[in-house]
Amino acid sequence: MDRRFFLRGSALIGCSAAAHPFLSSVTLAGADGGHPLGDQRLIVIILRGAMDGLDVVQPVGDPMFARYRPGLSVQPGAADLDGFFALNARLGALMPLWQAGELAFAHAVSTPYRDKRSHFDGQDLLEAGTGMDVPLGAVRDGWLNRLLQVVPGLQAETAYAVGSEAMPLLAGSAPMRSWTPDTALEMSLQNRLLLEAIYHDDPLFQGASSEAMDLAAGQTDGMAAAPAKGNDPARLAEIDALVDFAASRLREDTRIAAFSQNGWDTHRGQVAGIGRSLTRLERTILRLKEQLGPVWRTTTVLAMTEFGRTARENGTNGTDHGTGGVMLMAGGAVRGGKVYGRWPGLAEADLYDQRDLMPTGDVRAYAAWAMAGAYGLDQSVLETAVFPGLDLGDNPKFML
């Protein structure tokens, strides 16, 4: 099932729908006879919904941070990273990785996507790995699939939570297979309330949408659906199942994996909303380290999102769609313990469009340098075949 076709065809085109694909997915690529990619593993986590990088890696040393975010900037328990940045407390269990040099961040980064701030278009561009010189939707393969195409002797194996089509990130000519775990369709209380408000006065969709949400929550007897808990045991068990399946393959012939995690669209009640998502991300990374065992030493994890969020909090204790954000890098192959990138500052004159964190780095460049470090790919191949039109710029040297 094509996610975008389904959502648009059902008229579920609001922010929440775009940021909340119904099920997580994992995509795998492995070596076919021998190991053309050596021992290095690359794991990409797409964080759908526009993660607020300013909340995750907080620039507490910038005086404008507290001024723009009088509510969001006072969260207790943030862990100091380097005297200027602090890590959101909901990722606190990752601090031992930071201290061991196995966790890093790149701040003020983005794709080339600008201004319209659509989840659908932003995610399409993120997974296609192209620039704005290429019409959105014109490229049908993703940058991880193009990586496979330039390395001989590889085959791709795809695993889904549900569906029969690969993530766009790894879609393309490389052959793929699918895997479906036992999982349930869930809709958060915030998403349900938003959709109920959208369809309240619509005679065509009001009844149908209500019935669909009841079915999504497992209610088929006409009773009101109970709100889904943010991180109930079933949700966390789903994460464990996906990670364990991927790790079992990565310990063998698989060399590349891509996850998709949702829940990052925090227009209101951000502290609770982003906290639940951060807990799931934290669990994913720690579970990967645990399950990969000695393979973790040769692993690079990149977690990226379609765009960041506004520098200022809004009137509902949340943030709106922005531009610059943050990227997470983890693993034994990463030179961690550092926040990479050039910090642009939060003074109004330094903001993009006087509202967003100004991007000073390209997430594609960080992904490309990870490929160069892990697999020895030539810069010209990365700038032409994998990320067409990309200028890698200077090597940030975050790979060991």
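Residues numbered from 1 in each chain as written. Predicted model: local features only at pLDDT ≥ 70, side-chain atom pairs only at ≥ 80, totals over all residues. Heavy atoms only, no water.

1. Looking at the overall build of the protein
- Looking only at helices and strands, one finds 13 helices and twelve strands in the protein.
- The buried share among the 400 residues of the protein stands at 56%.
- If you take every contact in the protein between residues at least 6 apart in sequence, the share linking residues at least 24 apart comes to 76%.
- Surface accessibility of the protein: about 16000 Å² in total, with carbon and sulfur atoms responsible for 53%. (Helix = DSSP H or I, 4+ residues; strand = E, 2+ residues; numbered from the N terminus. Buried < 20%, exposed > 50% of the residue type's maximum accessible area, 1.4 Å probe, protein only. Contact = heavy atoms within 4.5 Å. Areas by Shrake-Rupley, 256 points an atom, 1.4 Å probe, with all protein chains shown as cover.)

2. Notes on the nonpolar core
- Formed by 44 residues in total, the largest nonpolar core has its most connected members in W143, L144, M329 and M371.
- Those elements that place two or more of their residues in this core are β2 (41–47), β6 (103–110), α7 (143–150), β8 (254–261), β9 (299–305), β10 (325–330), α12 (363–375) and α13 (379–386).
- Considering every element that reaches this core, the biggest residue donor is α12, with eleven residues.
- Apart from residues lying up to four places away in sequence, W143 is in contact with V44, L126, E127, A128, G129, L169, M304, A367, M371, V386 and F387. (Core = buried A, V, L, I, M, F, W, Y, C linked by side-chain atoms within 4.5 Å.)

3. A few points about the environment of T300
- Take T300: it is sitting in strand β9.
- Along the sequence, T300 and I256 sit 44 residues apart, while their C-alpha atoms lie 9.7 Å from each other.
- Sequence-distant contacts of T300, defined by excluding residues within four places in its chain, comprise R41, L42, I43, A330, A333, V334, A370 and M399.

4. As for the environment of T323
- The residue T323 is located in the loop between β9 and β10 in this model.
- Classification of T323 by relative accessible area gives buried; the value is 2%.
- Each C-alpha atom of the pair T323 and L357 lies 6.3 Å from the other, and the pair is 34 residues apart in sequence.
- Residues in contact with T323, not counting those within four places in the same chain, are V109, S110, Y113, R114, R117, F307, G308, R309, Y352, D356, L357 and P359.
- For T323, the side chain forms a polar contact with the side chain of D356, separated by 2.7 Å. (Polar contact = N/O pair within 3.5 Å; in protein donor to acceptor, adjacent residues only side chain to side chain.)

5. Some words on the packing of aromatic side chains
- Across all of its chains, the model carries eight aromatic pairs by this definition.
- Among the aromatic residues, those joined into a cluster by ring pairs are F84, F85 and W343.
- The ring centre of Y352 lies 5.9 Å from the NZ or CZ of R114, which sits over that ring. (Phe/Tyr/Trp six-rings, centres within 6.5 Å; stacked < 30°, edge-to-face > 60°. Lys NZ or Arg CZ within 6 Å of the ring centre and 35° of its normal.)

6. A closer look at unusual backbone geometry
- Although it is not a glycine, D353 sits at a positive phi angle of roughly 60°.
- When you line up the elements, D353 lands in the loop between β11 (339–340) and β12 (361–362).
- Despite not being glycine, Q354 has its phi angle at roughly 60°, a positive value.
- For Q354, the position within the fold is in the loop between β11 and β12.
- Of the residues examined, Q354 reaches a relative accessible area of 51% and is grouped as exposed.

7. So, the confidence of the model for the protein
- Counting all residues, the mean pLDDT for the protein is 81, and 74% of those residues have values of 70 or more.
- In this model, residues 1–14 is a region of pLDDT below 50 whose contacts with residues beyond four sequence positions or in other chains number 35 contacts.
- This model gives residues 16–23 a pLDDT under 50, and the stretch forms 36 contacts once residues within four places in sequence are excluded. (pLDDT = per-residue confidence, 0-100.)

8. A few points about the pairing of β9
- With seven of seven residues buried, β9 lies mostly within the body of the structure.
- The pairing of β2 with β9 spans seven bridges and is parallel. Residue L47 lies in a different strand from β9, and its bridge partner there is T305. (Pairing = 2+ DSSP bridges.)

9. Remarks on the packing of helix α10 (residues 233–250) against helix α11 (residues 270–292)
- Viewed as axis vectors pointing N to C, α10 and α11 meet at an angle of 35°, and their least axial separation amounts to 9 Å. Note on packing geometry: the crossing formed by α10 with α11 is right-handed. Where α10 approaches α11, its residues R235, L236, I239, D240, V243, D244, A247 and L250 are matched on the opposing element by R280, R283, T284, R287, L288, Q291 and L292.
- Split into classes, the residues belonging to the contact of α10 with α11 amount to seven nonpolar, two polar and six charged. (Axes fitted to C-alpha atoms, helices over the stretch in contact; angles between N-to-C directions. Left-handed = near helix turned anticlockwise from the far one by under 90°. Nonpolar A, V, L, I, M, F, W, Y, C, P; charged D, E, K, R; others polar.)

10. Notes on the sheet that holds strand β5 (residues 86–87)
- Read across the open sheet, the three strands follow the order β3-β5-β4; overall the sheet is antiparallel. The open sheet has two edge strands with one neighbour each: β3 (57–58) and β4 (79–80).
- Two strands pair when backbone bridges link them, and β4 and β5 are joined in this way by two bridges, in the antiparallel orientation. Bridge assignment links A79 to a residue of β5, and that residue is L87.

11. With respect to α10
- Taking 1.5 Å per residue, 18 residues should reach 26 Å; α10 reaches 25 Å between its end C-alpha atoms and fits that length.
- Taken as a whole, α10 has its buried residues at R235, L236, E238, I239, D240, L242, V243, F245, A246, A247, S248 and L250. (Expected span 1.5 Å × (residues − 1).)

12. Considering the pattern of salt bridges
- Evaluation of the coordinates by the stated rule reveals 13 salt bridges.
- With a shortest N-O distance of 3.9 Å, D353 and R117 are connected by a salt bridge. Taken together, the residues D353 in the loop between β11 and β12 and R117 in the loop between β6 and α6 (119–128) connect sequence positions 236 residues apart.
- Here D240 ties to R283 by a salt bridge, and the two come within 2.8 Å at their closest N and O atoms. Within this pair, whereas D240 is found in helix α10, its partner R283 is found in helix α11, the two being separated by 43 residues in sequence.
- A relative accessible area of 31% means that R283 is categorised as partly exposed. (Salt bridge = Lys/Arg side-chain N within 4 Å of Asp/Glu carboxyl O.)

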